[in-house]
Amino acid sequence: MHEPLLRFFRAARGAGVRISPAESIDALRAVEAVGYADRTALKDALALSLAKSLEEKQALDACFELYFSAAATPEQPEEAPAAPPPESGEPGELTQALLAGDQAALSAAMAEAAEAAGLSEIRLFTQVNQFARRILEGMGLEQLERDIAALSAQAPESARAQQRARAALGEQVRELVDRNLVLFSRGETEKLREEALRNARLTALDRRDLARMRVIVRAMAKRLRDRYARPRRRRNRGQLDARRTIRRNAGWGGVPFITHWKQRHVEKPRLMVLCDVSGSVAAAAEFLLLFLYALNEALSDIRAFAFSGSLIEVSQILETLEIDAAIGEIMRSIGFGSSNYGRALADFDAGFMAAVTRRTTVLILGDGRGNFADPRTDILKRIGERAKRLIWLNPEARTSWGTGDSDMLRYAPYCTLVTQCNTLRRLERVVAELLGAQG
């Protein structure tokens, strides 16, 4: 009896409502108390049990209206005994229901056939016709078509009326399938879309993807924060701290009931990130800044810089402004200009080199194209010598490095790691690796 509600929970999760097992149990108990008869009471009971924010309540309300609409009611009809095959000349049950205009019987037959066809498992729009056909066949489509064919010879007008009724029935079934596609494919579609964006080239992303990218990048940064932002201790189970073990077991006469193992303190990462926002990386600049913003939210010890022709520190902008305002302010201040890596490195050398220590990781996001200006590799060399690690992530394909005005092959020898990084998945992997190596 709980299966319809369990399917509703799945549809709600697909709509973005987080539902824990405990909340599912609470909702089931609430529905048992209020029943299905009063839709308002049912809706309120589910909202009180499941929604934890205004956004979740709105998503749950929309999902409720779609799922519990009259054509998709979860209340299943009582199972009827199998009817004997119709005698010769006697129309089938579906034909009789259409002739009588018995909507209750048609709705019950449709719900039963949808359940048998596993309609709640629909995931892709390409499955719509397949499920619609299964439901119609489960309702008795084959017998209906035989009845219409037999009627055509005896009463053509009645046969045409039946054909119109059959077409209307097909539309109703199609509408039911479409509604279930919206309900049950949403979560799967979101996952597929998110996976596609995580693996799409940053240069190929569209501004229309920015809102969805924010969600993905913030989740990515949260994973990095949870894993690396706080000082931690790693247990070294191979080294017993004898002094502390004896002291902790003094109450038992020195018998080591409780052991104490030596631990190594792991410092939180110190990052300095330089992000190219020039015209040559215009397609990827906003997404790189989006990642930089999320990284700034996630990590407490980070200094952020943006550059095109010159370099400025943007840590305060990222710290004090909301994401749209922060990205807009940075792009207005320094973005879309003609790139000059040599001048940007000189600005960093003059104003911020003293902050680079053996505990600092310097991360550069950019394509290394300096419009044939002096690349100032001498400054990059000093950064590499002073820093713990110097990482360069380039959104361009490796085959483009060193071509035209690209100075990547001249910069590469002074870096700890130089790698192509043109997708969010690759960006997360590389940043996770370098943060993990900080300890």
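Since we're looking at a predicted model, the values are computed, not measured.

A. The arrangement of unusual backbone geometry in detail. Look at Phe336: it is not a glycine, yet its phi comes out positive at around 65°. With respect to the secondary-structure elements, Phe336 resides in the loop between helix H14 (323-334) and helix H15 (341-351). Taking the relative accessible area as the measure of exposure, Phe336 reaches 48% and is therefore partly exposed.

B. Quick look at the pattern of salt bridges. Applying the stated criterion across every chain, the model contains 22 salt bridges. The partner of Arg369 in a salt bridge is Asp405, and the shortest N-O contact between them spans 2.8 Å. Of the two residues, Arg369 sits in the loop between strand S6 (360-365) and helix H16 (377-386) while Asp405 sits in the loop between strand S7 (389-394) and helix H17 (408-411), which places them 36 residues apart along the sequence. In terms of burial, Arg369 and Asp405 fall into one category: buried. Its salt-bridge partner being Asp407, residue Arg410 comes within 3.8 Å of it at the nearest N-O pair. Overall, Asp407 belongs to the buried group, its relative accessible area being 8%. A cluster of three or more residues bridged by salt bridges with shared partners is formed by Arg18, Glu23, Lys52 and Glu56.

C. Representation of the environment of Ala30 within the structure. Along the chain, the position of Ala30 falls in helix H2 (residues 21-34). Apart from the residues within four sequence positions on either side, Ala30 is in contact with Ala45 and Ser49.

D. Layout of the packing of H2 against helix H3 (residues 39-50). Running from amino to carboxyl end, H2 crosses H3 at an angle of 160°, the nearest separation of the two axes being 9 Å. Classified by the angle between their axes, H2 and H3 sit roughly antiparallel to one another. Crossing handedness for the pair H2 and H3: right-handed. Between H2, through Glu23, Asp26, Ala27, Ala30, Val31 and Val34, and H3, the contact on the second element is made entirely by Ala41, Leu42, Ala45, Leu46, Ser49 and Leu50. The residue inventory of the contact of H2 with H3, partitioned by class, reads nine nonpolar, one polar and two charged.

E. Examining a nonpolar patch on the surface more closely. Residues Trp252, Val255 and Ile258 make up a contiguous nonpolar surface patch of about 260 Å² in total accessible area. Along the chain, Trp252 turns up in the loop between helix H11 (242-248) and strand S2 (261-266).

F. Examining the environment of Glu55 more closely. With respect to the helices and strands, the residue Glu55 is situated in helix H4 (residues 54-67). The exposure class assigned to Glu55 is exposed, which follows from its relative accessible area of 55%. The sequence separation of Glu55 and Val17 amounts to 38 residues, and the corresponding C-alpha distance is 8.6 Å.

G. Molecular detail of the sheet that holds strand S8 (residues 417-420). Strand order in the open sheet formed by six strands is S5-S4-S3-S6-S7-S8, and the pairing between neighbours is mixed. Looking at the sheet topology across the chains shown, the edges are occupied by strand S5 (311-313) and S8. For this sheet, the mean inter-axis angle between neighbouring strands, taken without regard to orientation, is 20°. As judged from the five bridges shared by S6 and S7, these two strands associate in the parallel manner.

H. Here's a closer look at the confidence of the model for the chain. Of all residues in the chain, 83% attain a pLDDT of 70 or more, and the chain-wide mean is 81. Predicted confidence in the chain is weakest over strand S1 (residues 232-240), with a mean pLDDT of 53, and strongest over H16, with 97. Under a pLDDT of 50 for its full length, residues 265-269 has, in the predicted model, 19 contacts with residues more than four places off or in other chains.

I. Broad picture of helix H6 (residues 103-117). Helix length check: H6 (15 residues) gives 21 Å between terminal C-alpha atoms against 21 Å at 1.5 Å per residue, within 8%. Of all the residues in H6, the buried ones are Leu106, Met110, Ala113, Ala114 and Ala117. Looking straight down H6, one finds that the buried residues subtend no more than 100° of arc, so they occupy a single side. H6 presents Ala104 and Ala116 as exposed residues on the side facing more than 90 degrees away from its buried surface. If you check the start of H6, you find a side-chain oxygen 3.3 Å away from the backbone N of Ala104, and it comes from Asp102. Gly118 occupies a position one or two residues after H6 and carries a positive phi of about 70°.

J. Representation of the side chain of Arg369. Since its relative accessible area comes to 12%, Arg369 is described here as buried. Engagement of the side chain of Arg369 in a polar contact is seen with the backbone oxygen of Thr403, the distance being 2.8 Å. The contacts of Arg369, once residues within four sequence positions are left out, are Ser339, Tyr341, Glu396, Ser400, Thr403, Gly404, Asp405 and Ser406.

K. Structural context of the packing of H15 against H16. Interaxial distance between H15 and H16 falls to 9 Å at its minimum, and their mutual angle equals 45°. When the axis of H15 is compared with that of H16, the two are oblique. When the axes of H15 and H16 are compared, the crossing they make is left-handed. Of the residues in H16, those touching H15 at Leu345, Ala346, Phe348 and Asp349 are Ile379, Leu380, Arg382 and Ile383.

L. Fine view of H4. With 14 residues, H4 ought to run about 20 Å at 1.5 Å a step, and its terminal C-alpha atoms sit 20 Å apart, in line with that. What H4 keeps buried is the set Glu56, Ala59, Leu60, Asp61, Cys63, Phe64 and Tyr67. Where H4 begins, one side-chain oxygen reaches toward the backbone nitrogen of Glu56, 3.2 Å away; that side chain belongs to Ser53.

M. The arrangement of the packing of aromatic side chains in detail. Enumeration according to the criterion identifies nine aromatic pairs in this entry. Ring geometry for Phe307 against Tyr341: centres 5.0 Å apart, planes inclined by 80°, an arrangement best described as edge-to-face. On the criterion of sequence distance, the pair formed by Phe307 in strand S4 (residues 302-307) and Tyr341 in helix H15 is long-range, its members being 34 residues apart. As far as burial versus exposure is concerned, Phe307 and Tyr341 are alike and both buried. Here the aromatic rings of Trp392 and Tyr411 are separated by 4.9 Å at their centres, their planes lie at 20°, and the arrangement is stacked. Of the two residues, Trp392 is situated in strand S7 and Tyr411 in helix H17; the sequence distance between them amounts to 19 residues. Among the residues examined, Trp392 registers a relative accessible area of 1% and is labelled buried.

Conventions and cut-offs
Residues numbered from 1 in each chain as written. Predicted model: local features only at pLDDT ≥ 70, side-chain atom pairs only at ≥ 80, totals over all residues. Heavy atoms only, no water. Helix = DSSP H or I, 4+ residues; strand = E, 2+ residues; numbered from the N terminus. Buried < 20%, exposed > 50% of the residue type's maximum accessible area, 1.4 Å probe, protein only. Salt bridge = Lys/Arg side-chain N within 4 Å of Asp/Glu carboxyl O. Contact = heavy atoms within 4.5 Å. Axes fitted to C-alpha atoms, helices over the stretch in contact; angles between N-to-C directions. Parallel < 35°, antiparallel > 145°, perpendicular 65-115°, else oblique. Left-handed = near helix turned anticlockwise from the far one by under 90°. Nonpolar A, V, L, I, M, F, W, Y, C, P; charged D, E, K, R; others polar. Patch = residues over 30% accessible without salt bridge, like charges linked within 9 Å, V, L, I, M, F, W, Y side chains within 5 Å. Areas by Shrake-Rupley, 256 points an atom, 1.4 Å probe, with all protein chains shown as cover. Pairing = 2+ DSSP bridges. pLDDT = per-residue confidence, 0-100. Expected span 1.5 Å × (residues − 1). Arc of directions from axis to C-beta. Polar contact = N/O pair within 3.5 Å; in protein donor to acceptor, adjacent residues only side chain to side chain. Phe/Tyr/Trp six-rings, centres within 6.5 Å; stacked < 30°, edge-to-face > 60°.

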